[in-house]
Structure formats: C-alpha cells, structure tokens
Amino acid sequence: MRSIRIGAGSGFSGDRIEPAVELAERGGLDYLVFECLAERTIALAQQARLKDPEAGYDPWLEDRISAVLPACLARGIRIVTNMGAANPAAAARRIAAIARQQGGRMPRIAHVEGDDVLDAVRGTDLPLLERPGTAAQIGNAMISANAYLGVEAIVAALSAGAEIVVTGRVADPALFLAPMVHEFGWSMQDWHRLGQGTVLGHLLECTGQLTGGYFADPGVKDVADLARLGFPFADVTEDGSAVLGKVEGSGGEISPRTCTEQLLYEVHDPAAYFQPDVVADFSGVRFRVVGPDRVAVEGGTGRARPETLKVTIGYRDGFIGEGQISYCGTGAVARARLATEIVQERLRLIGVPVSELRCDIIGLDSLLRGPLPQGRDEPLDVRARIAGRVETLAEARRIGREVEAIWLNGPAGGGGATWQAREVIAAASVLLPRTQVTTRFAFVES
Amino acid sequence: MKLRDLAHARAGDKGDISNISVIAHDIADFDWIRQHVTEAAVAAHFAALLTGLVTRYELPQLGALNFVMQGALGGGVTRSLALDAHGKSLSSSLLEMELPPPPQRDGSG
C-alpha cells in the first residue's frame, strides 16, 4: 500500500528550527508542516497588520523558511504552514522573496484566505462559548475574529500544484490531514479515515511533545539527549494506518507513554474531538511498538462534521501590571509576604483601581495547587510576586513601580526586583454556521 | 503513597478549561487508580482553584484517565494573573495526591 511521510517542523511560533532542518535534510519527508499559531497570536498579528499592510505574519517566518527551503526544494518536500497568521498573502510574498534571494528554483506558493470573519461576527448576537455575553457586547475592543478552517482550500492548492501552502487560522490537525486527503483522495465524507488522520495530526502538531519533550522527569521518566530532541514524522498509508518515528540519531523518545500523554493533550471528551472536517473519536486509539522509536497508531475514527465552525475572537481586555522581588535566608517567606502586603496597601493609598490582584510567593505557592504537605521545611529562597488587573497602561506601570520601590522601602534584603506592564489581548469563542465562511486559495504572483 | 508513584500526567489548556491526563506507569495499576482518582477526589484536591465541574473520561486500553476541569485557569491563559497562566504545572500538582498503595499483586514482589 502506498504511504507518505509527513514531518512536524514546529509546534509553536517560538519552536526550535534545527530539528526541522534535520527532518528536511535527513527525514526522507514528502511533506513538512509548520504549526505556529497560538490562540491569540492572530490578534497580535492583526494589530501589526493595521500598522503595516505587509506585516501580520509569523515573526520567525524569515528564519524558519530560509533554514529549510534549500533542502525542501532539493528533495521535493512540500510545505504546509499557518505562518500566514493575519496576512497569508504577505507571508507568501515574503517566502517568494526568500526563494529569490537564495537564487534557487522558484517554488509555486499558494496562500489560503477566508478565515478572517471579523465582518461576519462583529456586532452580532452570537453567544460567547466561555462566558455569558455576545460578540456584540465586546464592541470596539474586538481586534480579530478568525474561523478555524478545515482542509478544503489547502487540498485544492496542493491539487493545483502548490509546493508551499501558507494559511492563517486553520485547525492545527488539518495542516497534517490536508496532505493525506490530497495524496490518497479520501472522500470528505469518509469520517473513519478523516478521524484517524485527525488523530495523527493531533499527535504531530506539538512536535517535541510527542518525542519526549514536556515529558522528562529525572529518575521516573528519563529521556535521552533533550538538547537534540528530534521532531516527529508519520508514515501514513492509504487506509489511514500509520507509524510514528523520528530521525535516527536525534534525541528524545517515541513510545506508547509519550504518545498517550500527547493523545490527550488539550483534549476534553476523547470520543468527540470537534474539528471543522470531522468529529474525531480518539477513544479506541492504541499504540504498538514496531521498532526502536517507531510506534504504530491504530483505532482512530470519527463521525460527521459539525455544521458550525469555531471562531476565536481577539479583543483588548485592559492591562496587567506585575512585579517581583526575591528574599533568602531564615524568615524569607515572612519578608516576602510583608512585601506583598505593603504593595497592596500602597496601591490603596495612592488610589490605583485594581479590579483583581494576585500575590504569590514563588518557591512556596505560586504553582503548587491542592493540599499543602504537612511539616515541610520553609524554603530559604523565595520570590514575592504581585500581579494586578487595571484599565490603563499608566495604572499597570504604577503597580510595577510600587513593587520596584519595595527595594528601598520594604523588608530587609530584597533583591532582583523586576516589573512589567502589558496590554491584555484576550480570546473568546463563538460558533459560526459554516455557510457563512468561504475559503479559497491563490498563487502568489512571482 | 502519592499518585506520582503509580502514574504520570500531562496538563493542557483551552480557554478557562484545564485537562489533565493521568496515565498508569504499569497498566496493572489502572483499576486501582480508577477506583481512587475519581471526579470527586480531583475536585477536592483542586477545591481552592476550581469554579466549575470536573468530568472524567476513561481510556482503559491505554491505562489512561482524562480529567476535564471547568473554570480552572483564572479566566484562561489570555487574561489570567497566574505565573503559570496555562496551568501546565497542574499535572505535577495532581500527582501529589495521596492514595493508598495498591494490594500486592502475584509475582510483583
């Protein structure tokens, strides 16, 4: 049976670049997929685009594409990526410019449009999924609204001969599912194969999280050579069965235990993983070791796709001011607590209207949740942290400066004060009938 | 003993919802884990944190449970004031849960 090999080149915008180059040069790939969009990335990118019509795509596109393009062109590896963010057309033009600069063959580059549904969502009564309210109630604070697209336009671009396809918001697994649908001619009503393909895309989309990253726990789960962690690929056959692997000699581990952790990552009901093209069912998935760092994936399936598409809305949601200062030695926790109390009182005295405040002692209770163990020794090296939500940047800066002022005006021996103030770009979701979303692709003019 | 002695875990986030997988190191311990790491036990463990319900899903062939915790992330990663806004470290917090040791199995020494 015919098979194709699809590699995962990035699991987020800031991911390592060398493992993608390793995959392109030595992975025997047919496709290399770069997933680079987090929940609110498009809102940030949209703000950049408003300032500069040629901006708004992934900030690492230049570095990433420059690094892998020679190997991909030489070996006929096709690239699928959502690095287009808020401006896929400009991203495609930039990739063409990189190819021109490198002086090699000019690839056929397509960009996918249609995910930007700001006009269809703004001012509507569509209910927000996470909390009470409607899209209209977000009002002028709304920056962006992007639908999670399926494979349709990517498949069309690949079928038309695109060697590089750049998208904006697309369901992450769809970036991987699209090459399978294109290569094997799977029907878009073949829910079983679309479901299994979605399992594979989901496993691959966070790169190193499948190969031993986000996993190691010394003495319990040891993983070799994490500094040279290899990124994964899947050998997918026409019937959807697949074997996961990584480049020989790269660091990390692919095993049923790494695969099981990643299968459930960011998943709610494993029997109903909602995607634009299918409701995938992970509940019967099994992993089987078929060789060193080779794991077969079986048992994924699915059922008919939903009639709505999920839309992520990015909106301005006030500001956060935050500061930290460290203490050590006996009594460090008490001094750190005193520091947070002083800052809280100062904010009251100077009249900073904080709608929500959080104080942590890093080293004691900043991460650990649940019952605190009894009788443990108090840590001798801690860091006080104060974060508050306010309406304006000026107020956020005042929170930070009050923490900094603790240096000279607070408890003994405070060191390493830092602070920051930032605007909050929050995300909310709505469901939009798919009939209101039209996707298409276009080739970049070169 | 701690849950950490029997299982490993991974946390993920979507909006204000955290999900934590709990996976038996040895699938022979899965039933014991399933018996003790219930929705109620997880809700109690994270009582100070949660504003919503806990739902458990089971994947026995993988020795895995998946806990979905609503209202667990202080409004979600994009607006949370927490140091770990994603709640990625909640997996380690859950593994601190105390549970009775499983009965000795034949041949387990």
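Before any of the text, the structure's been laid out above.
In this text, all values refer to a predicted model and were calculated from it rather than measured experimentally. (Residues numbered from 1 in each chain as written. Chains lettered and ligands numbered in written order. Predicted model: local features only at pLDDT ≥ 70, side-chain atom pairs only at ≥ 80, totals over all residues. Heavy atoms only, no water.)

A. Layout of the pattern of salt bridges. What the rule picks out here adds up to 26 salt bridges over all chains. The residue Glu 261 of chain A makes a salt bridge to Arg 10 of chain B at a minimum N-O spacing of 2.7 Å. Placement of the pair is Glu 261 of chain A in helix 10 (residues 256-263) and Arg 10 of chain B in strand 1 (residues 7-14), with the two residues belonging to separate chains. Classification of Arg 10 of chain B as buried rests on a relative accessible area of 2%. We note a salt bridge from Glu 322 of chain A to Arg 385 of chain A, for which the minimum N-O separation is 2.8 Å. Note that Glu 322 of chain A is positioned in strand 14 (residues 308-328) and Arg 385 of chain A in strand 16 (residues 381-390), a separation of 63 residues in sequence. When sorted by exposure, Glu 322 of chain A lands in the same class as Arg 385 of chain A, which is buried. (Salt bridge = Lys/Arg side-chain N within 4 Å of Asp/Glu carboxyl O. Helix = DSSP H or I, 4+ residues; strand = E, 2+ residues; numbered from the N terminus. Buried < 20%, exposed > 50% of the residue type's maximum accessible area, 1.4 Å probe, protein only.)

B. Structural view of the sheet that holds strand 13 (residues 301-303) of chain A. All names here are of chain A. The strand order across the open sheet built from three strands is 9-10-13, with neighbouring strands paired in antiparallel fashion. Looking at which strands have only one partner, the edges of the open sheet turn out to be strand 9 (273-274) and strand 13. In the sheet, strand 9 pairs with strand 10 (residues 279-281) via two bridges, with the strands oriented antiparallel. Considered in strand 10, the bridge of Phe 274 is made with Val 279. Packing of helix 9 (residues 191-204) onto the sheet brings it into contact with strand 9, strand 10 and strand 13, and relative to strand 13 it is tilted by some 120°. (Pairing = 2+ DSSP bridges. Contact = heavy atoms within 4.5 Å. Axes fitted to C-alpha atoms, helices over the stretch in contact; angles between N-to-C directions.)

C. Spatial organisation of the pairing of strand 14 of chain A. Residue and element names in this part refer to chain A. Among the 21 residues in strand 14, 15 count as buried, and that is most of the element. Relative to strand 14, strand 5 (residues 142-147) runs antiparallel, the two being bridged by five bridges. Within the sheet, the bridge partner assigned to Asn 146 lies in strand 14 and is Thr 312. Summarising the sheet, strand 14 and strand 17 (residues 415-433) pair through 16 bridges and their orientation is antiparallel. Opposite Gly 314, over in strand 17, you have Ala 427 as the bridge partner. Direction of pairing for strand 14 relative to strand 16: antiparallel, over a ladder of 10 bridges. Bridge pairing in strand 16 links Gly 321 to Gly 388.

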